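Next come the chains, spelled out residue by residue.
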Amino acid sequence: MNRFWSILFFCVPILGVVTFLMAMFGIWPLTHAWLPQSFSVAGDSIDRLFNGIHLLSSVILLGTGLAIGWAIWKFDHRGDDRKKAAYFHHNTLLEVIWTLIPAIILVFLAFFQMKSWTENKMERPVVEVNGETTLVPPMVMVKAKRFGWEFHYAGADGVVETQDDIYIENLLVLPAGEDIVLQLESRDVIHSFFVPELRLKQDIVPGMTQFSWFNSNQETGLDDKIEILCTELCGWGHYKMVADMKLVDRPTFEAWLAEQQSAYSPKFKEPEESEPDVAMAKTEEANSKVAMSEAGALELQTNQIEK
Amino acid sequence: MAQATAENLGHGKRKGNVISRFIFTYVFATDHKIIGLQFLFSSLIWFFVGGLLALGVRWQLAWPWTDMPIVGQALFADSGGQISPEFYTMLFTMHATIMIFFVIIPVLAGAFGNYLIPLMIGAEDMAFPRLNMLSYWFMWPAFACIIISFFMPGYGAAAGWTSYPPLSVFNGDAQSMWLLAMVFVGISSMMGSINYLTTIIQMRAPGMTMFRMPMTIWGMFITAIMQAFALPVLTAALLMQLSDRVLHTGFFLPENLAMDNAVAASGGGQVLLWQHLFWFYSHPAV
Ligand SMILES: [Cu+2]
């Protein structure tokens, strides 16, 4: 028992690193314990960053943890050799070393992550049209509102915010294997567009227009889905601000969209200038009715957002 | 240590009857140790309140949509003894607010700073004992505002401890009291920081050079610099948000903003401006 502390200090870094490695290689029971399966090209590069930074941290954690453990073991005053620890309170060389090493690591990380950041947040994908290179136009305009998601698909003209937009609530179906650009706007407060599987997160600030893009390398099919979550507190209903996302192949996507056109287009045309507030107020009213009703909480739980 | 100049600094032996002596020694105290203890014990009371709010949050997370035993029916009669989403939002907002602004900051800076700085650098007391007293008593308007906010429309602020507009601007009136409380906390911290800076720079004992100072004092020194120079920015931002709410200015509201079937009275502002101003202090602080 008198070696308790040194053993504890040996165990902590080892257990920590073993846990991390299990999560990194998806060893049971830590399969996808940290991040869900990646569905996009960007996700793969972000996962490499995530794991790389953790590997570096593991080395440091093991190094410092084992060094402390060793020192405690060696200089345990109840030990057999009863060695006395040496006390000194200044060592410039040591201080320079433990300042320089972290500084070098940080500078390295700054460059290591640059490519991934630029690809995912700064360089919007381009497309070749008639020999001319242009930015990929947004396929869907996402309007976030308390507490749901509006998706306005560019209609036949391929441009969002026009009369032939196709409007759908809380369901986003997109083709996989293509550069997809989303135009993100908010109707009221700050929201945040988050798809864990795509490693995609973008705040949506009222008064500003954001563009986000991704290229998914996996399909969910029409029967399965991943989730779009809001990750910026936007009021009492923030927790239920969830939409479904389905990634399918191009023909399935086109067939699906054509169906939506016939089913939804006349009814859900982009409203006139003055209408959005009224529409919003209605959903608000409906929402608060659910909240206020006698068995409110239970209904809220089961109903979620009406589609 | 304090005897020699007790009279000069206005504490220690006082004339007058027992009650007035008690009041000036323990209530309107100018002695650094007493003020440190005042900060400590008022923070501990809030620590308890913040802990209770956290229990509410944990209850909802552990047993969502379940009647809360014993107090549920009394507290949440409208929602059948359960925590409503509105109440939950308020719970974590006020838990964070109280823990950060009423516990961590006053305990670390107010209590330990006041108690330890003179002792660890060999000073008789803080440089400005009366400013020190004021810095403690400026916490009380903040306490009052927060208590009142629990009884105002919204029943407590519910826009998160970061109070991001436009959500915070559209919230119930409790949010205004929250902003006012944060202004008072800010003023209190600024007065404290001036005191710490002056004391540490001017009142070190002979031989206590800056580089012989204990690490603890260095930590408090850096914190005080931050509070003196970055906190005024946050305090100004809080007043700007308050004026957005009360006077309908448009510092943080974009053009044509609408929510809950209501249109903002003003616009033309920048939502992100708040985040820049808020985190200018809060990021180094946390
Ligand atoms: Cu939201």
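Residues numbered from 1 in each chain as written. Chains lettered and ligands numbered in written order. Predicted model: local features only at pLDDT ≥ 70, side-chain atom pairs only at ≥ 80, totals over all residues. Heavy atoms only, no water.

All right, on to the overall build of chain B then. Secondary structure assignment for chain B yields twelve helices and two strands. Walking chain B from its N terminus toward its C terminus, one meets helices and strands in the order α-α-α-α-α-α-α-α-α-α-α-β-β-α. For the C-alpha atoms alone, the extent of chain B along its principal axes is close to 65 × 50 × 35 Å. Among the 286 residues that make up chain B, the fraction classed as buried is 50%. Taking all contacts inside chain B whose residues are at least 6 apart in sequence as the whole, residues at least 24 apart take part in 69%. Just so you have it, chain B exposes about 13,500 Å², and 71% of that area is on carbon and sulfur atoms. (Helix = DSSP H or I, 4+ residues; strand = E, 2+ residues; numbered from the N terminus. Buried < 20%, exposed > 50% of the residue type's maximum accessible area, 1.4 Å probe, protein only. Contact = heavy atoms within 4.5 Å. Areas by Shrake-Rupley, 256 points an atom, 1.4 Å probe, with all protein chains shown as cover.)

A separate point is the coordination of the copper ion. All names here are of chain A. The protein atoms that coordinate the copper ion are His191 (ND1), Cys230 (SG), Cys234 (SG) and Met241 (SD), at distances spanning 2.1 to 2.4 Å. The coordination sphere of the copper ion comprises four donor atoms, whose angles at the metal cover 92 to 123°; the geometry is tetrahedral. Ordering the donors of the copper ion by residue number gives the pattern H-x38-C-x3-C-x6-M. Of this pair, Cys230 sits in strand 11 (residues 226-230) while Met241 is found in the loop between strand 11 and strand 12 (242-248), placing the two residues eleven residues apart along the sequence. (Donors = N, O, S within 2.8 Å, 3.2 Å for Na, K, Ca; no water. Tetrahedral: all angles 85-135°; square planar, octahedral: opposite > 155°, others 65-115°.)

Attention shifts here to the nonpolar core. Within the largest apolar cluster, 58 residues are counted, with the highest numbers of intra-cluster contacts made by Met94(B), Phe101(B), Phe102(B), Ile146(B), Trp178(B), Met182(B) and Leu238(B). For this core, the elements supplying multiple residues, two or more each, are helix 3 (32-62), helix 5 (85-121), helix 7 (139-149), helix 9 (174-202), helix 11 (231-246) and helix 12 (271-285) of chain B. The element contributing the most residues to this core is helix 5 of chain B, with 13 residues. Ignoring sequence-local partners within four residues, the contact set of Ile146(B) consists of Trp46(B), Met94(B), Phe102(B), Trp178(B), Ala181(B) and Met182(B). Counting residues in hydrophobic clusters, the runner-up holds 43 residues, among them Phe39(A), Phe151(A), Ala243(A) and Leu167(B). (Core = buried A, V, L, I, M, F, W, Y, C linked by side-chain atoms within 4.5 Å.)

We now examine the sheet that holds strand 7 (residues 180-186) of chain A. Each strand in a sheet pairs with its neighbour through backbone hydrogen bonds, running either in the same direction (parallel) or in the opposite one (antiparallel). Residues and elements named next belong to chain A. The mixed open sheet is built from five strands, whose spatial order is 5-4-3-7-10. At either end of the open sheet lies a strand with only one pairing partner, and these are strand 5 (166-169) and strand 10 (210-214). For this sheet, the mean angle separating the axes of adjacent strands, direction not counted, is 25°. Here six bridges tie strand 3 (residues 140-145) to strand 4 (residues 148-153), and the two strands are oriented antiparallel to one another. Residue pairing across strands places Lys145 opposite Gly148, the latter belonging to strand 4. (Pairing = 2+ DSSP bridges. Axes fitted to C-alpha atoms, helices over the stretch in contact; angles between N-to-C directions.)

The next thing to look at is unusual backbone geometry. The step from Trp28(A) to Pro29(A) runs through a cis peptide bond, and the omega angle for that step is 0°. With an omega of 0°, the peptide bond running from Pro165(B) to Pro166(B) counts as cis. Note that Pro166(B) resides in the loop between helix 7 and helix 8 (167-170). If you check the backbone angles, His32(A) has positive phi at about 50° while not being a glycine. Phi at Ser163(B) takes a positive value of approximately 50°, unusual for a residue other than glycine. Note on placement: Ser163(B) falls in the loop between helix 7 and helix 8. Taking the relative accessible area as the measure of exposure, Ser163(B) reaches 0% and is therefore buried.

Between chain B and chain A, the residue contacts involve 24 residues of the former and 23 residues of the latter. Buried surface at the junction of chain B and chain A, both sides included, amounts to about 1,900 Å², of which 70% is carbon and sulfur. At the boundary of chain B and chain A, one finds zero salt bridges. The interface formed by chain B and chain A contains zero residue pairs in polar contact (both at pLDDT 80 or more). Among the secondary structure elements, those contributing two or more residues to the side of chain B that touches chain A are helix 5, strand 1 (258-259) and helix 12 of chain B. Per-element tally for the side of chain B that touches chain A: the top contributor is helix 5 of chain B, with four residues. Of the residues in the side of chain B that touches chain A, the class split is 16 nonpolar, six polar and two charged. (Buried area = accessible area lost by both parts, 1.4 Å probe. Salt bridge = Lys/Arg side-chain N within 4 Å of Asp/Glu carboxyl O. Polar contact = N/O pair within 3.5 Å; in protein donor to acceptor, adjacent residues only side chain to side chain. Nonpolar A, V, L, I, M, F, W, Y, C, P; charged D, E, K, R; others polar.)

Averaged over all residues, the pLDDT of chain B is 87; the fraction at 70 or higher stands at 95%. Overall, residues 1-12 of chain B carries pLDDT values under 50, and its contacts beyond four positions in sequence, including any with other chains, amount to 15 contacts. (pLDDT = per-residue confidence, 0-100.)

With that settled, consider the domain arrangement of chain A. Residue and element names in this part refer to chain A. Under the domain assignment, chain A is made up of domain 1 (4-80 + 90-121) and domain 2 (129-306). Contact with domain 1, which involves 14 residues of that partner, is made by 15 residues of domain 2. When domain 1 packs against domain 2, close to 1,300 Å² is buried across both sides, 51% of that on carbon and sulfur atoms. Where Arg199 meets Asp47, a salt bridge forms, and the shortest distance between an N and an O atom there is 2.7 Å. Contributing elements (two or more residues each) for the side of domain 1 that touches domain 2: helix 2 (41-74) and helix 4 (114-122). (Domains from an automatic or database assignment.)

This brings us to helix 9 of chain B. Residues that lie three or four places apart on an α-helix share one face, since the helix turns once every 3.6 residues. For helix 9 of chain B, spanning 29 residues, the distance from its first C-alpha to its last is 42 Å, which sits close to the expected 42 Å at 1.5 Å a residue. Of all 29 residues that make up helix 9 of chain B, 22 are buried, and the element is covered over most of its length. (Expected span 1.5 Å × (residues − 1).)

Residue and element names in this part refer to chain A. Following the sequence through the fold, Pro13 ends up in helix 1 (residues 4-24). Relative accessible area serves as the criterion here: at 3%, Pro13 is assigned to the buried category. Ignoring sequence-local partners within four residues, the contact set of Pro13 consists of Leu61, Leu62, Gly65 and Leu66.

Once that is clear, we can look at the environment of Ile70(B). Looking at where Ile70(B) falls in the secondary structure, it is placed in the loop between helix 3 and helix 4 (72-75). Each C-alpha atom, one on Ile70(B) and one on Gly81(B), is 9.3 Å from the other, the two residues being eleven residues apart in sequence.

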